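Summary of structural features
If you want the building blocks of each chain, they are given just below.
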Amino acid sequence: MGFHTLYHRLASKDAHGNANVNANRGLCMDGKLQTYAVQTPEYSIGCYKGDESSSKNMLAASVRRDLFDPKTGRVYLSDRRHWVDQLKPRNMAVTCVRLSALQLGQITAGYYNDLLDETMRLDRKVMDMDDPMTREQADMLERIWSETEWSRRFDFTSISMKIKESIITAQLTSLVVRGLESIVVANCTVQVADSYIIDPFKEAKRKFERDYDSTGENGGKTKGDIGKEMAVVCLRANAIAFFAEYIVSQCRLAYSTFYKNYSKSDKEEQMKLFLKASSTLAFSRMLGLLASCAGACVGTLVLPPGGYGTLLGSNIGDSLVANLIK
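Figured I'd write up the structure that's included with this text. Because the structure is a prediction, the values reported are computed rather than measured. (Residues numbered from 1 in each chain as written. Predicted model: local features only at pLDDT ≥ 70, side-chain atom pairs only at ≥ 80, totals over all residues. Heavy atoms only, no water.)

**Examining the overall build of the protein chain**
When helices and strands are tallied, the protein chain shows 10 helices and four strands. The burial tally for the protein chain puts 36% of its 326 residues in the buried class. Considering only contacts within the protein chain whose residues lie at least 6 apart along the sequence, 60% involve residues at least 24 apart. Only carbon and sulfur atoms are counted for the fraction: they give 60% of the accessible area of the protein chain, which is about 20400 Å². (Helix = DSSP H or I, 4+ residues; strand = E, 2+ residues; numbered from the N terminus. Buried < 20%, exposed > 50% of the residue type's maximum accessible area, 1.4 Å probe, protein only. Contact = heavy atoms within 4.5 Å. Areas by Shrake-Rupley, 256 points an atom, 1.4 Å probe, with all protein chains shown as cover.)

**Comments concerning a nonpolar patch on the surface**
A grouping of Trp83, Val84, Leu87, Ile168, Leu172 and Leu175 is seen on the molecular surface, where their side chains present a nonpolar patch of about 580 Å² in accessible area. Along the chain, Leu172 falls in helix α4 (residues 156-187). With relative accessibility at 44%, the residue Leu172 sits in the partly exposed group. (Patch = residues over 30% accessible without salt bridge, like charges linked within 9 Å, V, L, I, M, F, W, Y side chains within 5 Å. Salt bridge = Lys/Arg side-chain N within 4 Å of Asp/Glu carboxyl O.)

**Digging into the packing of aromatic side chains**
Summed over the entire model, instances satisfying the criterion amount to eight aromatic pairs. Here Phe201 and Tyr308 contribute two aromatic rings whose centre-to-centre distance is 5.0 Å and whose plane-to-plane angle is 65 degrees, an arrangement assigned as edge-to-face. Here Phe201 is found in helix α6 (residues 200-211), whereas its partner Tyr308 is found in helix α10 (residues 308-325), with 107 residues between them in sequence. Put simply, the rings of Tyr111, Tyr112, Trp145, Trp150 and Phe154 touch in pairs and so form one group of aromatic residues. (Phe/Tyr/Trp six-rings, centres within 6.5 Å; stacked < 30°, edge-to-face > 60°.)

**Section: the layout of surface pockets**
One number sums up the size of the second largest pocket: a volume of about 470 Å³. Lining the second largest pocket are 20 residues; nearest its centre among them are Asp69, Arg74, Asp194, Ile198 and Glu203. Mapped onto the lining of the second largest pocket, the elements with two or more residues apiece are α5 (190-197), α6 and α7 (223-237). The biggest single contributor to the lining of the second largest pocket is α6, with five residues. (1 Å grid on protein atoms, 1.4 Å probe; cavity = no way out; pocket = protein on both sides within 12 Å on 5 of 7 lines; lining within 4 Å. Points joined across faces, edges and corners; volume = space filled by probe spheres on them.)

**Regarding the pattern of salt bridges**
Counted according to the given criterion, the structure contains 19 salt bridges. Put simply, Lys207 and Glu203 hold a salt bridge, and the shortest N to O gap is 3.7 Å. Placement of both Lys207 and Glu203 in helix α6 is noted, with a separation of four residues, approximately one turn of the helix. Considered together, Lys207 and Glu203 belong to a single accessibility category, that of buried residues. Overlapping salt bridges, with partners in common, bring together Asp79, Glu203, Arg206, Lys207, Arg210, Asp211, Lys221 and Glu229 in one network.

**As for the side chain of Ser166**
Relative to the helices and strands, Ser166 resides in helix α4. Given a relative accessible area of 14%, Ser166 falls into the buried group. A distance of 2.7 Å separates a polar side-chain atom of Ser166 from the backbone oxygen of Ile163. Look past the residues within four positions of Ser166 in its chain and what remains in contact with it is Leu99 and Gln103. (Polar contact = N/O pair within 3.5 Å; in protein donor to acceptor, adjacent residues only side chain to side chain.)

Okay, structure coming up:
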């Protein structure tokens, strides 16, 4: 592996995507003249004087110790995403498919849940001796309700609008996340910033590949140990995303209350509804964050080793809380 190859591989790990390359001369540890040297904010690489492409001429490749985890060797902030990552074709396609499936799932689940409630309500009327409703009438009302709600909820235009709104909201949330991440990186140490920016899915995969031992012997960690660690990792790593989602939702709520549906004749009532909705939103996001951490732990324990259990469990925990709050 030559000088240029090694430099490219190391410099490509720059968290900011930039490399400040300065060629200079200096003395090696053994006193030999160091002709080729490259220094970046993250790396310092030196070569012997001679053939640059020869691996035997490589003297040292040292990394600043304050920019990588000494236990794992992972460069801090290596999981950080750029501002336009969510607009890449592959990421955009995954987002559209995921949100479309999520919207359809929510609409379907809501329909059948309301259908069950309507059926139980009609059954109580039939069983009530003081109510003249018969079983035939209840069945007819249930059928009418089912057909009406199905055509209303599964209207193509309505579903398309909801999917469009969810995609726009997701993109805005991603931009807010990138902004909050930049603030954290600018005002915190690299170690602290990394704990809030780290990717839980990738971190779970790394932990299983590096530390997992099904028996817990030989210094390894069991799924239970990794699950507990992932709960703590997700608490910090998901905090920015949940806060960003709260900011976007709060802005939408303010727009809907004070602009779209604003009424000068009923200001006090609108303010009460706004404060109530804001409190519910904040509570749901806080509870959703805790539920996602618990779900990540459970998913890590239940599903096979790897990061998919952590990812799935975290999403399920947040979804359960969101549905319960609604």
